[in-house]
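Descriptive analysis of the structure
Listed below, chain by chain, are the residues.
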Amino acid sequence: MSNLPTAIILDMDGTFFLGDALLPGALELLDWLNEQRIQFTFLTNNTSRGKQDYMRMLTGLGVRKENARIYTAGDATVSYLKSNYPGRRVLLVGTQSLRSNFLEEGINLVNEEPDVLVLGYDTELTYQKLVDFCFYLRQGLPYIATHPDLNCPSPIGPMPDIGSFMALIQTSTGRTPEVVLGKPNAGIVQELARNWGVQVSDLLMVGDRLYTDIALGQTAGVQTALVLSGETHLSNLHNSQFKPDFVFENLADLLQFFSS
Ligand SMILES: [Mg+2]
């Protein structure tokens, strides 16, 4: 048996599912992790959906409710705001579901006179939201982004994600975020390791993207496994500064490796 990780962090898009279809080995891996009593959670940078949306999505794909454990870059952002800006007035550019998650966590969301500005992956973005956000950015307020992704994978191809919005905002205001949470910010896995009571170096991050999932190896010191079921082809890996500890075709391949 190969050396088993103490806990596994699973990316979702391009790793566990693509569009509305599970990828090979997805459900079998969860069963095996439970059998082996290996801790796991899903971790996604995508802040366009709330936790409830992901729960529904995963259970709809056949994942048992108790296995649908989800940590998002939105959770990491809430945690960061509570530590660094407790009780402060937050202007959030984000979807209704992200707003709901922030409000449930007690974040003081406002539309005027904010203390802090937070940019999420807002698939309900309007021109007015951009105008307001840039107006307050020009006043020099702290600027936080929930994650860095340039594009979001979809069955029809890449769609502009928050990193593309950041580029637009930078062109207008000259500003870039002081803090970008989500993968590969080390804080997100440090918090998971703390919650589980394990060392960060005992964690295995499994994902399909080099500059977020696999970059966590360099930024946080977790072990990483790249799956080729999403946006990365082997040819991208050869030219990348981010080198995974393991490479698998998909989760079925990973499961076979660790269980044999
Ligand atoms: Mg992915």
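Residues numbered from 1 in each chain as written. Predicted model: local features only at pLDDT ≥ 70, side-chain atom pairs only at ≥ 80, totals over all residues.

Overview of the overall build of the protein chain
What counts, and what does not: Numbered from the N terminus, helices here are DSSP runs of H or I no shorter than four residues, and strands are runs of E no shorter than two. A radius of gyration in this sense is built from C-alpha atoms; the matching globule rule multiplies 2.2 Å by the number of residues raised to 0.38. In this scheme every C-beta is placed from the backbone, and a residue whose C-beta has 20 or more other C-beta atoms within 10 Å is buried, one with 12 or fewer is exposed, and one in between is partly exposed.
The number of helices and strands found in the protein chain is 11 helices and 15 strands. A globule of 260 residues ought to have a C-alpha radius of gyration of about 18 Å, and the protein chain, at 18 Å, matches this closely. By principal-axis analysis of the C-alpha atoms, the protein chain measures approximately 60 × 35 × 35 Å. Across the 260 residues that make up the protein chain, the buried fraction comes to 44%.

Topic: the sheet that holds strand β7 (residues 108–109)
Just so we agree on the cut-off: By definition, two strands form a pair when at least two bridges between them are found by DSSP. Once C-beta atoms are placed from the backbone, any two residues with those atoms within 7 Å are in contact. Axis definition: a line fit to C-alpha positions, over the contact stretch in the case of helices; interaxial angles, taken between N-to-C directions, run 0 to 180 degrees.
The parallel open sheet is built from 5 strands, whose spatial order is β7-β6-β8-β9-β12. If you trace the sheet from one side to the other, it starts and ends with β7 and β12 (179–180), each paired once. Where strand β6 (residues 89–93) and β7 come together, 2 bridges link them in parallel fashion. The partner of V90 across the bridge, within β7, is L109. Across the sheet, helix α5 (residues 127–137) lies against β6, β8 (116–119) and β9 (143–145), angled at about 140° from β8, the strand it touches most.

Some words on the environment of F102
Mapped onto the elements, F102 comes out in helix α4 (residues 96–104). Taking the C-beta count within 10 Å as the criterion, F102 has 22 such neighbours and is therefore assigned buried. The sequence separation of F102 and A252 amounts to 150 residues, and the corresponding C-alpha distance is 35 Å. The contact partners of F102, leaving out residues within four places of it in the chain, are V78, L92, I107 and L109.

A short note on helix α6 (residues 162–173)
Which entries qualify depends on this criterion: To estimate the expected span of a helix, subtract one from its residue number and multiply by 1.5 Å. Arc definition: directions from the helix axis to the C-beta atoms.
End to end, α6 covers 16 Å across 12 residues, agreeing with the expected 16 Å (1.5 Å per residue, within 8%). Buried within α6 we find I162, F165 and I169. Viewed end-on, α6 has its buried residues packed into an arc of 55°, placing them on one side of the element. The inward-facing, buried residues of α6 abut β8, α5 and β9. G174, located one to two residues past α6, shows a positive phi value of around 80°.

Focus on the packing of helix α1 (residues 26–35) against helix α11 (residues 251–259)
Rule in force here: With respect to orientation, any angle under 35 degrees is reported as roughly parallel, any angle over 145 as roughly antiparallel, any angle of 65 to 115 as roughly perpendicular, and every other angle as oblique. Throughout, a crossing is termed right-handed when the near helix is turned clockwise from the far one, and left-handed when it is turned anticlockwise from it by less than a right angle. For this classification, Asp, Glu, Lys and Arg are treated as charged, while Ala, Val, Leu, Ile, Met, Phe, Trp, Tyr, Cys and Pro are nonpolar and the rest, including Gly, are polar.
At a closest axis distance of 8 Å, the pairing of α1 and α11 adopts a crossing angle of 30°. Looking at the two axes, α1 sits roughly parallel to α11. With respect to the hand of their crossing, α1 and α11 are arranged in left-handed fashion. Along its contact with α1, which presents A26, E28, L29 and W32, the element α11 presents L251, A252, L254, L255 and S259. Here the contact of α1 with α11 is composed, by residue class, of 7 nonpolar, 1 polar and 1 charged.

Here we look at unusual backbone geometry
Going from K183 to P184, the amide bond is cis rather than trans, its omega being 5°. Among the structural elements, P184 can be located in the loop between β12 and α7 (186–196). Notably, R37 is not glycine yet its phi reads approximately 55°, a positive angle. Tracing the backbone shows R37 in the loop between α1 and β4 (39–44). At E113, a residue that is not glycine, the phi angle is positive and equals roughly 45°. Structurally, E113 is set in the loop between β7 and β8. Take E113: there are 8 C-beta atoms within 10 Å of it, and that puts it in the exposed class.

Description of the domain arrangement of the protein chain
Put simply, the rule reads: Throughout the structure description, domain borders are defined by an automatic or database domain assignment.
Domain assignment breaks the protein chain into domain 1 (7–45 + 183–259) and domain 2 (74–180). A separation of 26 Å is found between the C-alpha centroids of domain 1 and domain 2. Taken together, the contact between domain 1 and domain 2 spans 13 residues of the former and 10 residues of the latter. A total of 3 residues in the side of domain 1 that touches domain 2 trace back to one element, the largest contributor, which is α7. By residue class, the composition of the side of domain 1 that touches domain 2 is 2 nonpolar, 7 polar and 4 charged.

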